[in-house]
Amino acid sequence: MSNYDIAELNKFSELAHKWWDKTSEFKPLHDINPLRLQYIDQAISLSGKTVLDVGCGGGILSESMAEKGATVTGIDLGEKALKVAQLHSLETGVEVDYRLIAVEQLAEEMPASFDVVTCLEMLEHVPDPASIVRACAKLVKPSGHVFFSTINRNAKAYVFAVIGAEYVLNMLPKGTHDYAKFIKPSELASWLRNSDLSLQHQIGMQYNPITQRYWLDGDISVNYMMHTIKA
């Protein structure tokens, strides 16, 4: 399985030790995690569910879903990030099963095994995002739920997500995002249909740099999430 960008993996590996530092480059992930978690939990109630977190990194979302009562498996191809996730899990006592494996490979090993699959802030970092969508669809049970989040591709998204976040506000390290890899909602919707995933709901995420506050609303012009169900 070669659906990864070695430069992307190396970039996040260099920062792996900072995953749980809420004042570091990962501060935005910590800030938006409560919103993402609430959106998922309100849609499907995580308690008692078997959940796969694809591209889990250091485990921020994985742990929070486990705290909601889900049985969580987190997968990633970043070995250093997974070690950080495993160590943090031991420190907190929040149980998550972390595995170093590609989602496509896991889909061959464990098809239709999870009630819920989450793939957040990952699609824009891989060479073939459609392959990730197909694998997520294969891993979820019939009538199960898959959640995606990514960044729209348009002028506004470039200004806010690249110029603003990386060069003006210094919220993210320069080079975190490649505009060419951003994904229009229509493109993601097409991949969903081809993977037998039915779009149930989509929502946007906004940020006010003055108040430093994030919120969810109907504007999907920059960051957005999609809730889908397997046919």
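Rules used throughout
Along each chain, residues carry numbers from 1 onward, in the same order as the chain's sequence is written. With pLDDT at 70 or above as the cut-off, local features in this predicted model cover only qualifying residues; side-chain atom pairs require 80 or more to be listed or tallied, and sums for whole chains, interfaces and linings still use all residues. No hydrogens and no water enter the side-chain calculation; it runs on all heavy atoms of the structure. Lines fitted to the C-alpha atoms define the axes, with helices restricted to the stretch that makes contact. Angles between their N-to-C directions range from 0 to 180 degrees. In DSSP terms, a helix is any run of H or I states spanning at least four residues, a strand is any run of E spanning at least two, and both are numbered starting from the N terminus. Between 65 and 115 degrees an angle is taken as roughly perpendicular, under 35 as roughly parallel, over 145 as roughly antiparallel, and anywhere else as oblique. Less than a right angle of anticlockwise turn of the near helix away from the far helix marks a crossing as left-handed, whereas a clockwise turn marks it as right-handed. Working rule for contacts: check all heavy atoms of both residues, and any pair within 4.5 Å makes them a contact. Each residue receives one of three labels: charged for Asp, Glu, Lys and Arg, nonpolar for Ala, Val, Leu, Ile, Met, Phe, Trp, Tyr, Cys and Pro, and polar for the others, Gly being one of them. Only protein chains enter the accessibility calculation, which uses a 1.4 Å probe. A residue is then buried if its area is under 20% of the maximum for its type, exposed if over 50%, and partly exposed in between. Here, the arc refers to the directions that run from the helix axis to the C-beta atoms. What qualifies as a polar contact is a pair of N or O atoms within 3.5 Å, subject to a donor-acceptor requirement within protein and to the restriction that residues adjacent in sequence count only when both atoms come from side chains. Each Phe, Tyr or Trp ring (for Trp, its six-membered ring) is paired with any other whose centre lies within 6.5 Å, and the angle between the two planes then decides the class: stacked below 30 degrees, edge-to-face above 60, tilted in between. For a helix, the expected span equals 1.5 Å multiplied by the residue count minus one. By nonpolar core is meant a set of buried Ala, Val, Leu, Ile, Met, Phe, Trp, Tyr and Cys residues that side-chain atoms within 4.5 Å join together. By convention in these notes, a salt bridge is any Lys or Arg side-chain nitrogen within 4 Å of a carboxyl oxygen on Asp or Glu. For two strands to count as paired, DSSP must find a minimum of two bridges between them. Orient the strands so they point away from the viewer; a crossover is then right-handed if the path from the first strand over the helix to the second runs clockwise.

> Please clarify how the packing of helix H6 (residues 129-139) against helix H8 (residues 185-194) should be interpreted in this entry.
Think of two packed helices as two axes; the pair is described by the angle between the axes and how far apart they sit. It is the contact of H6 with H8, at a shortest axis distance of 9 Å, that shows an interaxial angle of 40 degrees. Classified by the interaxial angle, the pair formed by H6 and H8 is oblique. In this structure, H6 crosses over H8, and the sense of that crossing is right-handed. Taking contact as the criterion, the partners of Pro-129, Ala-130 and Val-133 in H6 are, on H8, Leu-188, Trp-191 and Leu-192. In terms of residue class, the contact of H6 with H8 is built from 6 nonpolar, no polar and no charged.

> Explanation requested: helix H1 (residues 6-14) in the structure shown.
An α-helical turn contains 3.6 residues, so any two residues separated by three or four positions project in the same direction. Restricting attention to buried positions, one finds in H1 the residues Glu-8, Leu-9 and Ser-13. Projected down its long axis, H1 carries its buried residues within an arc of 135 degrees, all on one side. Turning to H1, the residues buried within the fold contact helix H4 (79-92). One side-chain oxygen at the N-terminal end of H1 lies 2.9 Å from the backbone nitrogen of Ala-7; it belongs to Asp-5.

> Help me understand the packing of aromatic side chains in this model?
Any aromatic ring pair is given by two values, namely how distant the centres are and how the planes are angled relative to each other. The full count for this structure, using the stated rule, is 5 aromatic pairs. A centroid spacing of 4.1 Å and a plane angle of 15 degrees characterise the contact between Trp-19 and Phe-26, whose relative ring orientation is stacked. Here Trp-19 matches Phe-26 in class, with each residue buried. Ring plane angle 80 degrees and centroid distance 6.1 Å describe the contact between Tyr-39 and Phe-147, whose orientation is recorded as edge-to-face.

> What exactly am I supposed to notice about helix H7 (residues 155-168) here?
End to end, H7 covers just 16 Å across 14 residues, shorter than the expected 20 Å (1.5 Å per residue, more than 12% under). On its buried face, H7 is in contact with strand S5 (140-151). Of the residues that open H7, the one with a side-chain oxygen 3.1 Å from the backbone nitrogen of Lys-156 is Asn-154. Trailing H7 by a residue or two, Asn-170 shows a phi angle of about 55 degrees, which is positive.

> Where do I start with the nonpolar core in this structure?
Generally speaking, a soluble globular protein has its nonpolar side chains buried in company with each other. Ranked by internal contacts, the top residues of the largest apolar core, which has 29 residues, are Val-54, Val-117, Cys-136, Phe-148 and Leu-188. Looking at this core, the elements with two or more residues in it are strand S1 (50-54), helix H5 (103-109), strand S4 (114-120), H6, S5, H8 and strand S8 (223-230). Per-element tally for this core: the top contributor is H6, with 6 residues. Leave out the neighbours within four places in its chain, and Leu-188 touches Leu-123, Val-133, Phe-148, Thr-150, Ile-183, Tyr-224 and Met-226.

> Sorry if this is basic, but what is going on with the pattern of salt bridges here?
When their charged atoms lie close together, side chains carrying opposite charge are able to pair. Counted under the stated rule, the structure contains 11 salt bridges. Residues Glu-79 and Lys-83 are paired through a salt bridge, measuring 3.8 Å at the closest nitrogen-oxygen approach. Here Glu-79 pairs with Lys-83, and both are found in helix H4, just 4 residues apart, close to one helical turn.

> Mind showing me how you'd approach the pairing of strand S3 (residues 97-100) here?
A regular strand places its side chains so that they alternate between the two faces of the sheet. When strand S2 (residues 71-76) meets S3, the two strands line up parallel, connected through 4 bridges. Its bridge partner lying in S3, Thr-73 is registered against Asp-97. Handedness of the crossover is the feature at issue here: the chain leaves S2, passes through H4, returns alongside S3, and the resulting connection is right-handed.

> Honestly, the sheet that holds S1 in this entry has me stumped. Any pointers?
Two pairing modes exist for strands in a sheet, parallel and antiparallel, and in both the strands are linked by backbone hydrogen bonds. Spatially, the 8 strands line up as an open sheet ordered S3-S2-S1-S4-S5-S8-S6-S7, and their pairing is mixed. Taken across any chain shown, the strands that pair with only one partner, and hence form the sheet edges, are S3 and strand S7 (213-217). Between one strand axis and the next, the sheet turns through 20 degrees on average, direction left out of account. As paired strands, S5 and S8 are joined by 7 bridges and run antiparallel to one another. Paired with His-145 across the strands is Ile-229, a residue of S8. Lying over the sheet, H4 contacts S2 and S3, oriented at roughly 165 degrees with respect to S3.

Any link to function would need more than the numbers given here.
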